[in-house]
Amino acid sequence: MPKKGRRVKKCEEEEEDVPVKQMKMVNGSAAPLCFDSPRDFFQSLISPVGLDEFFQQYWEQKPLVLHRSDAALASYYRSLFQLSDVKQLCARGLQYATDLNVCRCIDGKKKVLNKAGKVKFSQLKKDFEEKKATIQLHQPQRFKDELWRIQERLECFFGSLVGSNVYITPRGSQGLPPHYDDVEVLILQLEGQKHWRLYQPTVPLAREYSLEPEDRIGPPTHDFVLQAGDLLYFPRGTIHQADTPSDVDRSTHLTLSTYQNMSWGDFMLDVIPGCVFDCMRRERGMRSGLPRNLLTSPSVGPDVNKQLCAFLRRLADDLERENHELRSTAMKRDFISNRLPPYLLDQADVDPVGKPPSLEDTVCIRFKEHLLLTVEPSQENTDEATELVVFVLHSLKNKRETHMMGASDDDDDDDDDNDDEEEVISQGLRFPLTHLSALKQLLHSERVPAAQLQLTQDEDKLGLMLGLWSEGLLRVCQTS
């Protein structure tokens, strides 16, 4: 997947109850994609294919090629990114390798033509024209607002990180050799044409990136040309290569990628430790000691395997019988801490809105799509038994400029005060486990009378509301 790692204009308080249709003007006309909701957006992106058809017949199964003859959509795609945008970004200090790669596929191998340091557009254009090199720009949503808007909607729709790359390839050239990726891929052809060849996966739903020599992949299962306004989807593991036809000046396409490390296996790795933790509290046998010298033994005997299988069966039976609530922690924290903030969010939008809530008010959650709950052990170091608490995590303070770019090299140089502040942000708001039902009530409802919050004590209701209000996550939507 491309590398990992704000401003919804502030509405007046009384208008926030009404859904706002985001119709942005592009080239003098409304954008042809629907941004009313994440679901509506994705439906408009893959139109005319319906959502049910897409997920039943294509998702994780086979490629989908959508050839379109829609002038408005083609014009909108071209507006998302062009070669002229690279020139403007070079003036802002793009760095080779970090922000941009220059490469070409020669004799089935990738040749990287990067220079050192900052990118000079004059040199970049020379490599593009004379060396037939492909320009690969990492995470352009950091610079282009409309790409931010697109990827923010996709992250809300999938509940997964969405990265992107822009590829600009000159005529008669190919940037990358045949390979497969560990992500679900959507290709938007922005300008020109691109000739694609797709092949049967050697590793279906692959978990890593890999090159594949042409003598191993056989004939292509799909061979086609995309034009501006066309869309291509293919599952992770799909072997692919693409080149710009010799009679086309250049090709520019946007690659959107998602669902990296989002498998059932990844989810099990995340939730099973919590299930074992709970089972150890209930089951004396789970707390009994291991056989002596088990860890130093060169191999594990059949008796140990048998006992472990018995524990796993008991754990599965308990989960099924008691409808145990699975607790995802690491995956949720990774997503919420690395995803994009809400589109066009200003810092003022994160501030508390309106008056502090009281028990006479009706309240509602703000930025609901960018907020989630985790239940996990308290992170406090105490002599008492470990207790479970609820964390409210949100992405309002995430930085669009570092989205999907990984950890900054400067992170280790921060002083202790900044480290403490970042730790508080990553932990989110913490509440007792008794507040979980009330938090779910707020998330699942459009609005809730404060007096009806599912908490016994009025002081707990006020404490919950004030905590969320202070973080900019709750507002008073009606006064009795």
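Check the entry above for the structure.
Counting restarts for each chain, with residues numbered from 1 along the sequence as it is written. Thresholds applied to this predicted model are a pLDDT of at least 70 for local features of residues and 80 or more for the giving and counting of side-chain atom pairs; totals over whole chains, interfaces and linings are not thresholded and use all residues. With hydrogens and water excluded, all non-hydrogen atoms of the structure serve as input to the side-chain values.

Q: Looking at this structure, I do not really get the sheet that holds strand β17 (residues 371–377). What am I missing?
A: Neighbouring strands of a sheet are bound in pairs by backbone hydrogen bonds; such pairs are parallel or else antiparallel. At least two bridges found by DSSP between two strands is the condition for calling them paired. Per the convention used, a helix needs a DSSP run of H or I reaching at least four residues, while a strand needs a run of E reaching at least two, with both numbered from the N terminus. In spatial order, the strands read β17-β18-β19; together these three strands make up an open sheet with antiparallel pairing. Whereas interior strands pair on both sides, the edge strands pair on one side only; in this sheet they are β17 and β19 (429–432). Between one strand axis and the next, the sheet turns through 30 degrees on average, direction left out of account. Pairing of strand β18 (residues 388–394) with β19 involves four bridges; the strand directions are antiparallel. Paired with valine 390 across the strands is phenylalanine 431, a residue of β19. The contact criterion used is simple: two residues touch if any of their non-hydrogen atoms lie within 4.5 Å. Axis geometry follows a simple rule: fit a line to the C-alpha atoms, using only the stretch in contact for helices, then measure angles between N-to-C directions, giving values from 0 to 180 degrees. Packing against the sheet, helix α14 (residues 436–444) makes contact with β17, β18 and β19, and its axis sits at approximately 165 degrees to β17.

Q: Would you take a moment to explain unusual backbone geometry for this structure?
A: Phi is mostly negative for residues that are not glycine, and the peptide bonds are mostly trans. Here the amide bond leading from serine 47 into proline 48 is cis, since omega sits at 15 degrees, within 30 degrees of zero. The residue proline 48 is located in the loop between α1 (38–46) and α2 (51–57) in this model. Positive phi is not limited to glycine here, since glutamine 139 has a value of about 50 degrees. Within the secondary structure, glutamine 139 sits in the loop between β6 (134–138) and α6 (145–158). Owing to a relative accessible area of 0%, glutamine 139 belongs among the buried residues under this scheme. Buried means the residue's accessible area, taken with a 1.4 Å probe over protein chains only, is under 20% of the maximum for its type, while exposed means over 50%, and partly exposed covers the values in between.

Q: Could you clarify how one ought to interpret the packing of aromatic side chains in this entry?
A: Two aromatic rings, drawn from Phe, Tyr or Trp (for Trp, its six-membered ring), form a pair once their centres lie within 6.5 Å of each other, and the interplanar angle then sorts them: stacked below 30 degrees, edge-to-face above 60, tilted otherwise. Per the counting criterion, the structure on display carries 19 aromatic pairs. Judged by centre distance (5.3 Å) and plane angle (80 degrees), the rings of phenylalanine 42 and phenylalanine 158 are edge-to-face. Taken together, the positions of phenylalanine 42 in helix α1 and phenylalanine 158 in helix α6 put the pair 116 residues apart, joining distant regions of the chain. For the ring pair tryptophan 59 and phenylalanine 158, a centre distance of 5.3 Å and an interplane angle of 20 degrees mean the geometry is stacked. With tryptophan 59 in the loop between α2 and β3 (64–66) and phenylalanine 158 in helix α6, this pair connects stretches of sequence that are 99 residues apart. The exposure classification of tryptophan 59 matches that of phenylalanine 158, with both residues buried. Within the aromatic cluster, the residues linked to one another by ring pairs are Phe42, Phe54, Phe55, Trp59, Phe157, Phe158, Tyr233 and Tyr259. Ring-over charges, as used throughout, are those where CZ of Arg or NZ of Lys falls within 6 Å of the ring centre and within 35 degrees of the ring normal. Lying across the ring of phenylalanine 35, arginine 149 places its NZ or CZ 3.5 Å from the centre. In this structure, arginine 333 packs its charged tip against the face of phenylalanine 391, placed 5.0 Å from the ring centre.

Q: Which parts of the structure should I look at to understand the nonpolar core?
A: A general feature of soluble globular proteins is that nonpolar side chains tend to end up buried together. For our purposes a nonpolar core is just a set of buried Ala, Val, Leu, Ile, Met, Phe, Trp, Tyr and Cys residues, chained together by side-chain atoms within 4.5 Å. With 50 residues, the main nonpolar core has Leu45 and Leu100 as its most contacted residues. In this view, leucine 45 contacts Leu33, Arg68, Tyr77, Leu154, Leu186, Leu188 and Leu231; residues no more than four positions away in its chain are not counted. Within the second largest apolar cluster, 30 residues are counted, among which are Phe367, Val390, Ala438 and Leu468.

Q: Would you mind showing me how to read the sheet that holds strand β5 (residues 109–112) here?
A: If you trace the eight strands from one edge of the open sheet to the other, you get β3-β13-β9-β15-β7-β6-β4-β5, paired in antiparallel fashion. Edge positions in the open sheet fall to β3 and β5, since each of these has one partner strand only. On average, each strand axis in the sheet is inclined to that of its neighbour by 20 degrees, with strand direction left out of account. Bridging between strand β9 (residues 184–191) and strand β15 (residues 250–258) involves seven bridges; their strand directions are antiparallel. Each bridged residue has a counterpart across the sheet, and for valine 185 the counterpart in β15 is serine 257.

Q: Could you clarify how one ought to interpret the pattern of salt bridges in this entry?
A: Close approach of charged atoms allows side chains of opposite charge to pair. Here a salt bridge means any side-chain nitrogen of Lys or Arg lying within 4 Å of a carboxyl oxygen belonging to Asp or Glu. All chains considered together, the criterion is met by 24 salt bridges. Note that aspartate 278 is salt-bridged to arginine 327, the shortest N-O span being 2.7 Å. Of this pair, aspartate 278 sits in helix α8 (residues 264–282) while arginine 327 sits in the loop between α10 (302–322) and α11 (330–338), and the two are 49 residues apart along the sequence. Of the two residues, aspartate 278 and arginine 327, both sit in the buried class. Glutamate 283 serves as the salt-bridge partner of arginine 314, at 3.4 Å between the closest nitrogen and oxygen. Linking arginine 314 in helix α10 with glutamate 283 in the loop between α8 and α9 (284–287), this pair joins segments that are 31 residues apart in sequence. Here the salt bridges do not stand alone but share partners, grouping Arg171, Glu191, Asp249 and Arg250 into one network.

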